[in-house]
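Structure assessment
Read off the chains here:
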Amino acid sequence: MDKILEAVMMSSYPNNVKQGLVRRVIEAIKQPMDSEQCWSMLELSTKLYLMGDTKFKREIGKEVLEVYGHYHPEEFEEFFNVRFLLSLLQEGYGPAGKRSPYVLDYIHLGLQFVLESPSASDIFSLLRIEVLRKVCERPGPKQCAKISKLLSLHPQCVPTGKHQILFCQQLIRCIGQFQCISEGEDDIMEFLDHVNKVSGLLQKIWRAQTSSILPSLKELFTIISSTEEQEAPSNALASVVQYVPLELMDGVIRNLTNDDSITDVQMMTAISRMIDWVSWPLGKNIDKWIIALLKGLAAVKKFSILIEVTLLKIEKVFSKLLYPIVRDGALSVLLYMLLSFQHSHEAFHLLLPHIPRLVASLNKEDSNSATSCLEQLAELIHSMFFRFSGFPDLYEPVMEAVKALPIPNEDRIKHLLGQNAWTSQKNELACFYPRLASKSDTGKIGLINLGNTCYMNSIIQALFMASDFRHSVLNLTESNSQPLMTKLQWLFAFLEHSQRPAISPEGFLSASWPPWFSPGAQQDCSEYLKYLLDRLHEEEKTGKRIYQKLKESNLMPQAEERHYLNKTLIEKMFGGKMMTKIRCLKCLNVSSREEAFTDLSLAFPPSNRHVRRQSHTAVLPVEEIGPQIIEPPIKPQSQLTESPRRQRKHPVSGEPPIQLLPIETVGFQEAEGQETPFILRSDRDHVSLEKVKDPLLAFGEQTCGSEDSRSVPDLINYFLSPEVLTSENKYHCEKCASLQDAEKVAELTEGPHYLVLTLLRFSFDLRTMKRKKILDNVSIPLVLKLAASCNGFVSVVYDLCSVVVHSGVSSESGHYYCYARECTSTSASSQPRDGAQKSTSDKQLDFEIQWYLFNDTRVSFSSFESVSNVTSFFPKDTAYVLFYRQRPWKQSWAVHEAVSDAVQLHGEPSPNKDLMEAISKDNILYLQEQEKEARNRAAYISTLPKSPLWWRDFDRDKDDEGSSGGCGPAAGGGGSGSFHGLVF
């Protein structure tokens, strides 16, 4: 049969005649055949497919191979073996110097018929190695596209582990060498298709394994920043960037711009090549990455790079506005480059000769894209006229060209200039324009790092964003007996009212410094928080009570009034109570003890055990998380009867006859008052939605974690799970008058106003004798519902308001930063005008509340999505300390009125007169510093020759020269911190 087929293919018959003869052969080979005949036909069809000199021969070879794959699978599997494939991949097929370019197509064709064969795993293992070797040989775009097609359809062939990271890096190296030689439209489209297939494979790998993204980006930056390459890398690299998740942008840019190992020349080379990417068609988010890097460079005062790259590239970016396919991205980059270049007219004047021609071309195009571009261009041009007036002869042709376009008003122009200038990045150029310079767009103020003090900065910002606590601190009047609280009041007041972008907490640091902390060393922020709250609590206990006005306001019955007058501010805000019950397993006698706490330290269950959910309970009407008995090693218990905080040890095994308190996440309240709960299930560590409506879908996504992650409710249930006291840890029963086995269980009897949860991530490894960090991802719910057993079981709802994140692998190193939002009381808004009280249980969760990211001096807008995903993208960045705020509930309304009485009676608090005067003086001093620096710089600049590189002469680090602000009675003094004082 093979001889017949070969004769037909070698004959001189027309292709249509050959096709008919081949059809007869194919019908014949569908019948049973001996193994030798099958082998001969497979060899011939393989030769036709790989070495056929016409498309017709290759198609016939492909058709015959497919028939054998379907009708003779055993013979096909025997022929398509690992040894044969290895020979194809390493030696090729055909005579030397004329190897077949269709080997990968052939393998792709054959794989579909051996997927279920016993040899499939060996073939996949071989291909995982060989595709890595192939990309290391730097194949062209066509071969890379074939590799990508093969791996996209057969992901089992994608290299794994470290080989996967190396494969991604080498594939990016290949893309960097792609070149489209032909200028024909068809060839260009084919080239773009090849590039998209290769970058699409990277996207699939990144989605499946996010840990490979950052090493890939590092390789990409190495390529574009290289100054040794004689030929610039291909713009096709832009296709790689478009698939990088935007959530990574802030962290990647921060690391790049703060990396001292990257020279200015390398950074200049990299950003120049990135700007060239605006010419890459159909790319997504490329402009966002370019602008983010430009902003990052402005934030770290790399002005020489920004000036040089702007003057070098702005005309090229401008020219891309002629092409609709790349216009949007080019316009975004142009707008930022020009609006940020406000210290000189040079960049704008470079574009003046080109503007009339571009405007004429866009008018002629008459498309929606052109119209939109013209409108934005007109805004940009008039903003530049406003900023750099005094050149009528140069501006006249441009004015004539844009006279028919809308003119923005002055407020709009000032907004554009203030929003986009390098001054908005809080850099040294801010002193040139005090009118436009301001603190962060968020309106929040950062804290200067005084040398590994990020642990304190994060805690202070979390406390500051606890609005009820902040209002109470700012309204304090009795200060003589509370020096530390007074310093905290000053610090909060400066964070609220200062005009500086960041202030120095030096005075508060020295006052609140735990004596066992080593200066300059990284510390545990949870340990600092506990020490700080203890100090404030003990200080007030020995001084005057600060809530005397509560008695005068008659907001409570006398019994409750006396109860709350006995509490300190720390107890009112952060104090809760736990009831510990121990039951003797012999006599069944139960002893109880109530303990106060200001934070709960939550241990991690062993990795091989999960907290079970009970299906029925009488405590709450919604489905709850029940306990699971876990058997870790027994540890000695630490019981602090006087300390306002609590840490539970690991429970031990035993049957739990005592009903546990359920912890859960909750959802919205429906109009009729029926609750639609979110139910946390034990078999999956994410929130599932039942009876859900469309508005809840976003909430469900926000509270879910990966299947491998734990959740905060899991840890709380583990904390509350009962333990059996046995062996060396037996309980001394007074009734039995001897040591007995007993069961111990804890209940929440009084929920704190602010619930502080510390995730115990740091432990001591007895095997290595070193402290280690638990890097497990923990899913953080936006809302928690706890059950408190005070006067019967009641449901207490908490809203997440702050998350302190630790970045690093050890408590002695790394960096802390804080996500936070304002969670204010709903009491005022819940009171109808007629005075009737409205239950806060009807409150809908407000997902519009803005989240902020506090990272020492940097403050930026953020989102709950960023909070939820931070560990997914940065495995060493893990939530450590969580702040939840209790929602007011009907039975405890008077309590919440008492807690937030300052806000309810007086509105937003104002600092006292002395404090306000100190803040005003410091604000004036700050403006004077800007004005003085502007005069000095202006006088110096006027003596310099007008050159594109004039800024290089004084682009020096001035971090330690200016005043950093203060927050003590001597406010305005210089601090030891700086904008470069970040600790990562």
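Bear in mind that the values here come from a model prediction, so they are computed numbers and not experimental data. (Residues numbered from 1 in each chain as written. Predicted model: local features only at pLDDT ≥ 70, side-chain atom pairs only at ≥ 80, totals over all residues. Heavy atoms only, no water.)

Okay, the overall build of the protein chain next. For the protein chain, the helix and strand inventory stands at 37 helices and 24 strands. A total of 984 residues make up the protein chain; the buried ones form 54% of that total. The contacts in the protein chain between residues at least 6 apart in sequence include a share of 73% that link residues at least 24 apart. Surface accessibility of the protein chain: about 44,400 Å² in total, with carbon and sulfur atoms responsible for 51%. (Helix = DSSP H or I, 4+ residues; strand = E, 2+ residues; numbered from the N terminus. Buried < 20%, exposed > 50% of the residue type's maximum accessible area, 1.4 Å probe, protein only. Contact = heavy atoms within 4.5 Å. Areas by Shrake-Rupley, 256 points an atom, 1.4 Å probe, with all protein chains shown as cover.)

Moving on, we come to the state of the cysteines. Counted under the stated rule, the structure contains zero disulfides. The structure places no disulfide on C736, whose sulfur is separated from the nearest cysteine sulfur, that of C587, by 3.6 Å. Among the residues examined, C736 registers a relative accessible area of 23% and is labelled partly exposed. (Disulfide = S-S within 2.5 Å.)

Another aspect to go through is the nonpolar core. Ranked by size, the top nonpolar core spans 148 residues in total, and within it L5 and F167 carry the most contacts. Grouped together as the second largest cluster of nonpolar side chains are 60 residues, M456, L474, C525 and I919 included. (Core = buried A, V, L, I, M, F, W, Y, C linked by side-chain atoms within 4.5 Å.)

For the rest of this paragraph, the subject is the sheet that holds strand β4 (residues 590–597). Ordered by their spatial adjacency, four strands build an open sheet running β4-β3-β14-β11, and the pairing between neighbours is antiparallel. Both outer strands of the open sheet, β4 and β11 (723–725), are each paired with one neighbouring strand and no more. Neighbour-to-neighbour, the strand axes of the sheet open up by a mean angle of 30 degrees, direction not taken into account. (Pairing = 2+ DSSP bridges. Axes fitted to C-alpha atoms, helices over the stretch in contact; angles between N-to-C directions.)

Turning our attention to a negative patch on the surface. On the surface, E185, D186, D187 and E190 cluster together into a patch of negative charge. With respect to the helices and strands, the residue E190 is situated in helix α11 (residues 185–208). (Patch = residues over 30% accessible without salt bridge, like charges linked within 9 Å, V, L, I, M, F, W, Y side chains within 5 Å. Salt bridge = Lys/Arg side-chain N within 4 Å of Asp/Glu carboxyl O. Lys, Arg positive; Asp, Glu negative; His and termini not counted. Charge placed at Lys NZ, Arg CZ, Asp CG, Glu CD.)

This part takes up helix α8 (residues 120–136). Taking 1.5 Å per residue, 17 residues should reach 24 Å; α8 reaches 24 Å between its end C-alpha atoms and fits that length. Of all the positions in α8, only A120, I123, F124, L126, L127, E130, V131, L132 and V135 are classed as buried. As for α8, its buried residues are in contact with α6 (82–91), α7 (103–111), α9 (141–153) and α10 (161–176). Looking one or two residues past α8, R138 carries a phi angle of roughly 60 degrees, positive in sign. (Expected span 1.5 Å × (residues − 1).)

The subject of this paragraph is the packing of aromatic side chains. Counted by the stated rule, this structure contains 27 aromatic pairs. Between F84 and Y106 the ring centres are 6.1 Å apart and the planes differ by 90 degrees, which places this aromatic pair in the edge-to-face class. Here F84 is found in helix α6, whereas its partner Y106 is found in helix α7, with 22 residues between them in sequence. Across the pair, Y106 and F84 agree in class, each one buried. Summarising the aromatic geometry, the rings of W516 and Y531 are spaced 5.3 Å apart at their centres and angled 85 degrees between planes, so their arrangement reads as edge-to-face. (Phe/Tyr/Trp six-rings, centres within 6.5 Å; stacked < 30°, edge-to-face > 60°.)

Position of P141 relative to the elements: it lies in helix α9. Among the residues examined, P141 registers a relative accessible area of 18% and is labelled buried. Each C-alpha atom, one on P141 and one on H194, is 5.8 Å from the other, the two residues being 53 residues apart in sequence. Setting aside chain neighbours within four positions, we find P141 in contact with F178, F191 and H194.

Taken together, L282, L322, Y323 and I325 make up a surface patch of nonpolar side chains, about 420 Å² in accessible area. By the element assignment, I325 lies in helix α18 (residues 324–340).

Our next topic: unusual backbone geometry. At N285, a position not held by glycine, the phi torsion is positive, near 65 degrees. Structurally, N285 can be placed in the loop between α15 (264–276) and α16 (286–299). The residue D856 is not glycine, and still its phi comes out positive at about 55 degrees.

Looking at where Q461 falls in the secondary structure, it is placed in helix α24 (residues 454–465). Reaching out from Q461, the side chain makes a polar contact with the backbone oxygen of I445 at a distance of 3.0 Å. Among residues more than four places away in sequence, those in contact with Q461 are I445, G446, L447, L495 and F854. (Polar contact = N/O pair within 3.5 Å; in protein donor to acceptor, adjacent residues only side chain to side chain.)

So, on to the packing of helix α17 (residues 303–319) against α18. At a minimum axis distance of 10 Å, the contact between α17 and α18 shows a crossing angle of 145 degrees. The element α17 and its partner α18 pack so that their crossing is left-handed. Seen from α17, the contacting residues are V309, T310, K313, I314, V317 and F318; seen from α18, they are A330, V333, L334, M337 and L338. Class assignment of the residues belonging to the contact of α17 with α18 gives a composition of nine nonpolar, one polar and one charged. (Left-handed = near helix turned anticlockwise from the far one by under 90°. Nonpolar A, V, L, I, M, F, W, Y, C, P; charged D, E, K, R; others polar.)

Quick look at the environment of H732 now. Secondary-structure assignment places H732 in strand β12 (residues 731–733). Sequence separation between H732 and A742 is ten residues; the distance between their C-alpha atoms is 8.9 Å. In contact with H732, other than residues within four places in its own chain, are A737, S738 and L739.

Here we come to the packing of α9 against α11. Orientation of α9 relative to α11, taken along the N-to-C sense of each, is 40 degrees, at an axis distance of 8 Å. Taken together, the axes of α9 and α11 are oblique relative to one another. In this structure, α9 crosses over α11, and the sense of that crossing is left-handed. The segment α9 lies against α11, with P141, K142, C144, A145, S148, L151 and S152 engaging F191, H194, K197, V198, L201 and K204. The residue makeup of the contact of α9 with α11, split by class, is seven nonpolar, three polar and three charged. (Parallel < 35°, antiparallel > 145°, perpendicular 65-115°, else oblique.)

Most of strand β22 (residues 851–855) sits out of view: five of its five residues are buried. Side chains of β22 alternate between two faces, with W851, L853 and N855 and Y852 and F854 buried alike. Alignment of strand β21 (residues 815–821) against β22, held across four bridges, turns out to be antiparallel. Its bridge partner lying in β22, C818 is registered against F854. Bridge count for β22 against strand β23 (residues 858–862) is five bridges, and the pairing is antiparallel. By the bridge assignment for β23, L853 is matched with S860. Once β22 ends, the chain turns through two residues before running back antiparallel as β23, passing D856 with a positive phi of about 55 degrees.

Looking now at helix α33 (residues 712–720). Most of α33 is tucked away, with nine of its nine residues classed as buried. All buried positions along α33 are accounted for by V712, P713, D714, L715, I716, N717, Y718, F719 and L720.

Scanning the entire structure with this criterion turns up 25 salt bridges. A salt bridge links E27 to K30; the shortest N-O distance between them is 3.4 Å. Judged by relative accessible area, which is 26%, K30 ranks as partly exposed. Of the charged contacts, one joins E496 and R470 as a salt bridge, the two residues approaching to 3.2 Å between their closest N and O atoms.

A separate point is the pairing of β4. Within a regular strand, the side chains alternate between the two sheet faces. Looking at chain direction, strand β3 (residues 576–584) and β4 are connected through eight bridges and run antiparallel. Its bridge partner being in β4, K577 is matched across the sheet by A596. With antiparallel pairing between neighbouring strands as the criterion, β3 and β4 make up a hairpin whose turn holds five residues, including L588 at a positive phi of roughly 65 degrees.

So, about the confidence of the model for the protein chain. The predicted model of the protein chain has a mean per-residue pLDDT of 75, with 73% of residues at 70 or higher. Taken element by element, the predicted model of the protein chain shows its lowest mean pLDDT in helix α32 (residues 697–702) (31) and its highest in α24 (95). Note that residues 898–908 has pLDDT below 50 and, in this model, 25 contacts with residues that lie over four places away or in other chains. (pLDDT = per-residue confidence, 0-100.)

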